[in-house]
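Geometric and topological summary
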Amino acid sequence: MNVAIFILFGLLCLGGAMNLLLQRHPINSALSLIVVMSSLAVLYLLLGAEFLALAQIIVYSGAIMVLFVFVIMLLNAGEEERTHGSRAAYLAGIPGVLALFTVLASTFLTLRISFGGTRLGSFLVTTGDLSRVLFRNLLLPFEVTSVLILVAILGAVVLARKEH
Amino acid sequence: MNILIFVLLNLLKVAVVTVIFLMAVAYTVLLERKLVGRIQNRWGPSRVGPFGLLQPLADGLKLFLKEDLMPTAVFRPLFILAPIIALSCALISIGVIPFGENIRWHGVDMFQIADLNIGLLVILGVTSIGVYGIALSGWSSNNKYSLLGSLRSSAQMVSYELALGLSVVGIVLRTGSLRLRDIVNLQNTHGILSWNVFGGFQFVAFFIYLCAAFAETNRTPFDLPEAESELTAGYHTEYSSMKFAMFFMAEYANMITVGCVATVLFLGGWSSPFGNLFPAFGGPLVQALLPVFWFVLKVFSFLFLYVWVRGTLPRFRYDQLMGFGWKYLLPIAIVNVMATSLVLAFHG
């Protein structure tokens, strides 16, 4: 059952990602991205990360993608034109991606024993567990990240403000 | 055999809840027309059936038999998808709401479809997805009024969702759980005195929730997405027949869901306002159904408030709406969260 759901939503995620690249209209691409985000949420749920799954839906599929769609609607962006692609992408991009994928896959496969694995649906991280780790063991990184985000917001406001 | 009974009972439960919910949606429309009629000193629908009680049936039949127009310049896939997203998101949320005590029959919880650890977050998540129904309908219609309506609506919903989310944080802090049953059980002890809105000192949060909920459901005084005097009908201008009916049903279903959530979070859910003041009476059946009665009564009074506000308040201007959400509601909500956590840290 768990494996079936994993395969279903993994395929949905990959299909959405492919569709995101292949679609020519920006709004279709944005909608495919929503599909990708939501199926990732289901995969998180399968691993027992219930809070993370719903946060993914609320923050990414909900708030951020609504803003994406909002901007596309506001600019009324048309269909993009097809190009043949750059030579650099063919020569360096595709081999580079393949090499990176091979390195990552082999690293994960060799380190699998020392990382320790989990079975799908075998454990549950409740919101309480998550916040205990986040606010006790990882308090400093958490606070530093929040300051970073605050700085980013201030930067966006400064950039967006009109000169008088 | 046991598995079979379990599955059948669950299916039956889902079917019954869905049918009751859809009937409630239909009769909320009638309630609104009747009450607004009385507020404006006229009768409202009174011709179909006794007191106009069969009016929803006639309305539904009319919408079902209308021609389904498909304008030529629309973006067809999204034009069809948008009302489906709107209605399904409006109908899903009812699945996590508890409307009675945890009474099990053959291992099936009779008064809640799904009891989730993160029920509250599921409701927020479904609401945030529901924005797409309105956003896409306006864009795919290829009509300037629709587009303006949906732009307003998505901006409004995203802005007020922050205040909505922050207003319920106080409740979660008090309960220490995102499970809706836990939230109700905490308010279950001393009747009205232990409800979050009174005993929990969350009346500020309740006010913020009310405002944000009115904005989230696009109701007066925040119904700018369909302001008829400037936008014809807003995002559903180009829709007809059942597609229009789906938007219409989604709006009223959202009203009911928001009422259910307000009841569960702030008004003690299914618990009686008298607590244990009166001795238990009647058989087990009465004792099982009495909480459902209290729940329905609370949701009904919330819907009554919705209609009352629509009959009394004029519409906000767009900049007033945004200013109110960002400059007043959001800071007040943050202060409320801080105050609640300080009190809980020193006394909790």
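Now for a description of the structure that goes with this document.

Cut-offs used in this document
- Residues numbered from 1 in each chain as written.
- Chains lettered and ligands numbered in written order.
- Predicted model: local features only at pLDDT ≥ 70, side-chain atom pairs only at ≥ 80, totals over all residues.
- Heavy atoms only, no water.
- Buried < 20%, exposed > 50% of the residue type's maximum accessible area, 1.4 Å probe, protein only.
- Helix = DSSP H or I, 4+ residues; strand = E, 2+ residues; numbered from the N terminus.
- Arc of directions from axis to C-beta.
- Contact = heavy atoms within 4.5 Å.
- 1 Å grid on protein atoms, 1.4 Å probe; cavity = no way out; pocket = protein on both sides within 12 Å on 5 of 7 lines; lining within 4 Å.
- Points joined across faces, edges and corners; volume = space filled by probe spheres on them.
- Nonpolar A, V, L, I, M, F, W, Y, C, P; charged D, E, K, R; others polar.
- Buried area = accessible area lost by both parts, 1.4 Å probe.
- Salt bridge = Lys/Arg side-chain N within 4 Å of Asp/Glu carboxyl O.
- Polar contact = N/O pair within 3.5 Å; in protein donor to acceptor, adjacent residues only side chain to side chain.

**What to know about helix 2 (residues 55-65) of chain B**
Residue and element names in this part refer to chain B. Where helix 2 is concerned, the buried positions are Q55, P56 and L63. In an axial view of helix 2, the angular spread of the buried residues amounts to 100°, which keeps them on one side of the axis. In helix 2, the exposed residues that point more than 90 degrees away from the buried face are L57, L61, F64 and L65.

**Describing the side chain of A:N28**
The residue A:N28 is located in helix 2 (residues 26-46) in this model. Note on A:N28: relative accessible area 18%, which makes it buried. Those residues in contact with A:N28, other than ones at most four positions away along the chain, are A:Q23 and B:F75.

**Observations regarding empty space enclosed by the protein**
Residue and element names in this part refer to chain B. The full count for this structure, using the stated rule, is one cavity of 30 Å³ or more. The volume enclosed by the largest cavity comes to roughly 380 Å³. In this structure, the largest cavity is lined by 29 residues; those nearest its centre are T127, E216, T217, N254 and V258. Put simply, the parts of the chain that give the lining of the largest cavity at least two residues each are helix 3 (76-92), helix 4 (119-140), helix 5 (144-167), helix 8 (203-216) and helix 10 (241-266). The residue inventory of the lining of the largest cavity, partitioned by class, reads 20 nonpolar, seven polar and two charged.

**Considering the interface of chain A and chain B**
Between chain A and chain B, the residue contacts involve 21 residues of the former and 22 residues of the latter. A per-residue breakdown of the area chain A buries against chain B is headed by A:I58, A:V66 and A:M73, which together make up 29% of the total. For the interface between chain A and chain B, the tally reads zero salt bridges. If you look at where chain A meets chain B, you find two residue pairs in polar contact (both at pLDDT 80 or more). Looking at the side of chain A that touches chain B, the elements that each hand over two or more residues are helix 2 and helix 3 (50-75) of chain A. Ranked by residues supplied to the side of chain A that touches chain B, first place goes to helix 3 of chain A with 13 residues. Across the side of chain A that touches chain B, the residue classes tally to 14 nonpolar, six polar and one charged.

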